[in-house]
Structures are given as structure tokens and as C-alpha cells.
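Fold and contact review
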Amino acid sequence: MEALVSAVLGDLVTRSISFAVDRCHRWSKGGGIDQDAPQRLRRLLLRVQVVVEEANRRRITNQSMLRQLQLMREGLYRGYYLLSAFKISHGVMRDKKPQDREATSHPSPSFALSRFNPAKRLRRSTVSDREAELQEVLAGLERMASDMKELAVFLSGYPPLMSLEPYSRHLWLQNCLFGRQAEQERIISFLLEPEAGPEHPSVLPVIGRPRVGKSTLVEHVCHDDRVRKHFSLIVFFGKCDTGDGKLLPLGDGGGVVKHRDLASSGKSLVVIELAADVDEHTWGRTLCKLRGEYEVPVSKVVVTSRSDKIASFGTTQALELNLLPREAYWYYFKTVAFGSSTDAEEQPELADMCMEMADLLNRSFLGANQVGNLLRRNPCSQFWRRILRCFKEYYGMHLRLFGEGPGDLLDNDRPVYLWKLFPNVDGALIGYRHYKVCSAQQRDAVPTVTADDLHHTRSAKFRGKFEVLTWRSRIPPYDSYFMSCGVKASSSLLCTLTRNKQIQQQQPRLKST
């Protein structure tokens, strides 16, 4: 039955793509881009998406196919990003009254942050610029589509990874590892390589900024059937085990066993999440401990860290995990924010605000889920406009006072000021620290306040210092994210902000002397 479904799917996909490619060829030979270009781009994107989503449900091991699929994903996200911006720019201006259009063409300086919004940039660009970008995207997708005939046939030869039942798109995206397929296969390929020997375990460093998804990526790798069949034992050492970087608990039976099957291969995998920098001497002693710690030899080690200094510990090139490309992040955020009820392009006013908020979130997965769920529960233009206005003031205020956005401040364990986002709180709400609690420790961390409570509950409940649950992940390792918050009187906050601004202004002069 699976072979029959795959054969029918391959035939339908190739027929659809051939039709789309033929239409694009005839259109491009006619010269220029006509008014039907966005509709044609959308049809071509839908046909490319059929193959990409089918590939996401299959366990593909061919490296060339994986690279081709990654290029297709990038083209798909870029195409949807451009289509959204194009339709937003035309839809918003079409819905505006003549006097509002005139005002839009001369933006107010108070909305300086709007320059980050690609839809507004697209409205100001020339017709030739829009045509050139549409032509570039369509040409790239056309080349991809011409190669998908063979790819669709090859896909039918790989076993499915998950059920093919219908799903809600936003729920599916929130319950899967989005945008990291290439990195996931890179780690799995490293783990399945032949071992050098028990005396010399292979080490792969995974580095990246805070909350970029390092632990989530490695956790998904450890859940992969290929990895579990290859190793008898998988042990994870989190930040609570490694402490300040001394790694001493590794020799005291610390760590969490993620997988155990001692009747299989006789090899073990160790994952280490570093909380701080580690010197080479300490790292050498750690490897010696690992070699004698377990009944099965440690053959592979994956170590994650925020610091790029650990790249020198690897026996292979380090994997650097970067933020998602803007186009991929927009695809994720707009799907979470709009859900499955409607496309963003069908509501250009909401999509315009959504795209601007996506840029202000600086490609944060945590922010996409927090803000996206808040917007989806209340799809009202007045509510979205109020949230956007608060975000602009919140983000702009931190840039003016500290020269950095609130996300960068939290990454460096510096406080942020949240009263613009939660006006119901009596006084000034300050976020002191943003931290993660793993699923094994969640029973000891029982907060009484959530981010939704701050939005909807009366301010009398929030006084002094308290912990706020900002987000609970729906995918392994099911971590929860908390923020230490406190409420200050508005008068004392103004003194603090003035002092911080003075210190920031003095820092360049101190450096110059």
C-alpha cells in the first residue's frame, strides 16, 4: 500500500510541477512581470511545498538529496516571504483612504523602527526593483522545480518517519524541530561514522548564542532510531552537572541516562552541556574520566556551549548554530500567529503588523511562540496594533538607553524593563534574569504566575519579586523558561534609568582616555 501511495504521489507531483514550469516558461518568454506574477509564484510555491513536506516525513540518508532539499526549503521560505511582503504592500495601500495613503508615503520620524519592516521597504522600492526580485525568486524556484521530477521518485524509496494524517499546521510546527534538518543530519552523520577506538573518542562541538536551539537539536538527535540502534548507552550532562566549568561531577556518577540497551553495540555516547568556559587541562581530565566511567566505552562525545573556544576541543569541525534566516523565521512566526484559520496574505493589515513584530523579535524561537500564541488567541486589528505599539516603545527604549535590544541584554544576564508590555502592573515591572529549567527539575519549580497572568490579571497580585513562567516547550527536551521579575515604584525606576543612561554615555569617553 505504501508503494502504491508513493507512486501515485510521485506521478501527481511531477505532473503538477511540469504544468507549473511550462506556464512559467511561457510567461518569462513574454518579457517582464505582469499582474499575475504573485498568483503564479504562489502556485509554484505550493507545488514545491508538496515535495518539501513529503521529504520532511521521510528518513533520507543520501547527502546530495539532503543538500538539494535544504536549498529547496530556503527557496520556499524566501518565496513565501516575498509573496507576503508583496501582497501586504499592495493590500494595505489598497485598503487605505486617499489621505492615509498620502500620510504613508511620508512616514513620521517617530516610527523610525518601521524601517526594519520589509513590507514598508517594498512599498517604497521602485517597480523595477520589485520586478527584479520577483524574477530572481521565480527563476530560482523554476530551476528547483525542473530537478524535482527525479527527486519525487527517489522519495518514494525512503521509509516514512511520521503519520501522514492531516494536521493543523501551526500545531505541527510547534511540535517539530523547525528549520534544523540539515544540522540534525550533520550530527547524525558524525555519530554513525566509524570510531577511532575507545582510547580516542571522537568529539563534535556545537556552539551558538543562548536559546538558539543547541540542546533541543541534540535532544532530537538522541531520539533518532538510527542513533539509538548504534549506541548501547546515551548519557547527558546538563549545566547543573557541569557547574562553573570544572566538570568534577562527571566522575561522581552524575548525568541523566537518555538511552540504555547494553545488549546492542557496546558503544556509548556522552552529551555535555557546558555552562561556562573550560580550559584544555580540565577538558583533558574529563575525557580521561569518561573513558573509565562506564561499562561500555565512550566512542562519541557531543559538547554544546555558547563559547566558540570549545571549537578547539573537537576532533572534527565544530557545528555553529546560527539564527534562522529572516525568511524562514517569518514563515514560522506567521504560521504560529495566524494558525490554520487563514493565510497571512488574506489579511494584509494584520500581516503587515505581524511582519514588523517578527523583525523586532530578532528571530527568537521563544519570542515567536510567546507573541505568536498571544496574537492567535485574539485576531483583532486593534489588539495587534496595541501590541505592536508596545513592542516598538519597549524595543526602542532599550536601544536608546543601552544601545542593545532587550534580547541581547537578557542573553548577557542584564535586566530589562517590561512595563511597556504589561501596563496592568502597578509600578514598573523589571525582568532580572531569564533561565531554563529542564523537564526533570520542573516538579521543584512551580511558579504561580505566567506571562498570560501579567497580561490579564489585576496588578494587585504582583508585588515584590516573583518568578514568571514565560514558555513551556512542546518538543523534547520539554524545557520550561522562567524569568525572575520584580515590581518597582515608577519614581525609583526613573532614577535608575537616568543613572544607567549617564553611565552608558560616559563609557565611550572612559575608553578613549
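Criteria and thresholds
- The residue numbers shown here count from 1 along each chain, following its written sequence.
- Only residues with pLDDT of 70 or above have their local features reported here, since the model is predicted, and side-chain atom pairs are shown and tallied only from 80 upward, although totals for entire chains, interfaces and linings are computed over all residues.
- The side-chain numbers reported here are obtained from all heavy atoms of the structure, hydrogens and water having been left aside.
- Think of a nonpolar core as a cluster: buried Ala, Val, Leu, Ile, Met, Phe, Trp, Tyr and Cys residues, connected wherever their side-chain atoms sit within 4.5 Å.
- In this scheme, a residue with accessible area under 20% of its type's maximum is buried, one over 50% is exposed, and one in between is partly exposed, where area comes from a 1.4 Å probe on protein chains only.
- The numbering of helices and of strands both runs from the N terminus, where a helix is a DSSP run of H or I of at least 4 residues and a strand a run of E of at least 2.
- In this description, contact between two residues means that some pair of their heavy atoms is separated by no more than 4.5 Å.
- Angles here are taken between N-to-C directions and fall from 0 to 180 degrees, while the axes themselves are lines fitted to C-alpha atoms, restricted in helices to the stretch in contact.
- Working rule for angles: under 35 degrees goes down as roughly parallel, over 145 as roughly antiparallel, 65 to 115 as roughly perpendicular, anything else as oblique.
- Crossings are assigned a handedness: left-handed for a near helix turned anticlockwise from the far helix by less than a right angle, right-handed for a clockwise turn.
- Centres within 6.5 Å make a pair out of two Phe, Tyr or Trp rings, where for Trp the six-membered ring is used; the pair is then stacked when the planes are under 30 degrees apart, edge-to-face when over 60, and tilted otherwise.
- DSSP bridges decide pairing: two strands pair if at least two such bridges lie between them.

The chain carries the name NB-ARC domain-containing protein in an unreviewed UniProt entry, which gives Urochloa decumbens as its organism.

Membership of the largest hydrophobic core comes to 86 residues, with the highest contact counts inside it found for Met72, Phe178, Phe333, Leu375, Trp384 and Phe466. Per-element accounting of this core gives the leading share, 13 residues, to helix H3 (residues 63-95). Contacts of Trp384, omitting those with residues within four sequence positions, involve Ala337, Phe338, Leu350, Met353, Cys354, Met357, Leu375, Asn378 and Pro379.

Here Val51 shows up in helix H2 (residues 37-56). Take Val51: its relative accessible area is 2%, and that puts it in the buried class. Sequence spacing of Val51 and Met148 is 97 residues, and the spatial spacing of their C-alpha atoms is 7.8 Å.

Looking now at helix H9 (residues 214-223). Residues separated by three or four positions in an α-helix point in the same direction, a consequence of the helix having 3.6 residues per turn. A large share of H9 lies buried, amounting to nine of its 10 residues. Taken together, the buried positions of H9 are occupied by Lys214, Ser215, Thr216, Leu217, Val218, Glu219, His220, Val221 and Cys222.

At a minimum axis distance of 7 Å, the contact between helix H13 (residues 326-338) and helix H15 (residues 365-376) shows a crossing angle of 30°. In terms of axis orientation, H13 runs roughly parallel to H15. As for how H13 packs across H15, the hand of that crossing is right-handed. Contacts from Tyr329, Tyr332, Phe333, Val336, Ala337 and Phe338 in H13 reach Phe365, Gly367, Ala368, Asn369, Val371, Gly372, Asn373, Leu375 and Arg376 in H15.

What the rule picks out here adds up to 12 aromatic pairs. A ring pair is formed by Phe178 and Tyr332, whose centres lie 5.1 Å apart and whose planes are at 40°; its orientation type is tilted. Of this pair, Phe178 sits in the loop between helix H7 (169-174) and helix H8 (181-192) while Tyr332 sits in helix H13; the two residues are 154 residues apart in sequence, bridging distant segments of the chain. Neither residue differs from the other here; Phe178 and Tyr332 are each classed as buried. Consider the rings of Tyr329 and Phe333, whose centres lie 6.3 Å apart with planes at 5°: the pair is stacked. Placement of the pair is Tyr329 and Phe333 together in helix H13, with a separation of four residues, close to one helical turn.

Our focus in this paragraph is the pairing of strand S1 (residues 202-208). Within S1, seven of the seven residues are buried, which leaves the element mostly enclosed by the surrounding structure. Both faces of S1 are covered, namely the face carrying Ser202, Leu204, Val206 and Gly208 and the face carrying Val203, Pro205 and Ile207. As defined by bridge partners, S1 adjoins strand S5 (residues 298-305) across six bridges and the pair is classed as parallel. Along S5, the bridge assignment pairs Val203 with Val301.

Now for the environment of Pro415. With respect to the element layout, Pro415 can be found in the loop between helix H17 (406-411) and strand S7 (416-417). With 19 residues separating them along the chain, Pro415 and His434 place their C-alpha atoms 9.1 Å apart. Excluding residues that lie within four positions of it along the chain, Pro415 makes contacts with Leu409, Ile430, Gly431 and Tyr432.

Turning our attention to the pairing of strand S4 (residues 268-273). When you tally the buried positions in S4, you get six out of six residues, the bulk of the element. The alternating pattern of S4 places Ser268, Val270 and Ile272 on one face and Leu269, Val271 and Glu273 on the opposite face, and all of these are buried. Of the strand pairs in this sheet, S4 and S5 are connected by six bridges, and their pairing is parallel. Note on S5: the bridge partner recorded for Val271 is Val302.

Here the focus is the sheet that holds strand S2 (residues 233-237). Ordered in space as S3-S2-S4-S5-S1-S6, the six strands form an open sheet in which the pairing is mixed. The outermost strands of the open sheet, each flanked by one partner alone, are strand S3 (256-260) and strand S6 (319-321). In this sheet, adjacent strand axes meet at a mean angle of 15° when their direction is disregarded. The pairing of S2 with S3 spans four bridges and is classified as antiparallel. If you follow Leu233 over to S3, its bridge partner there is Arg260.

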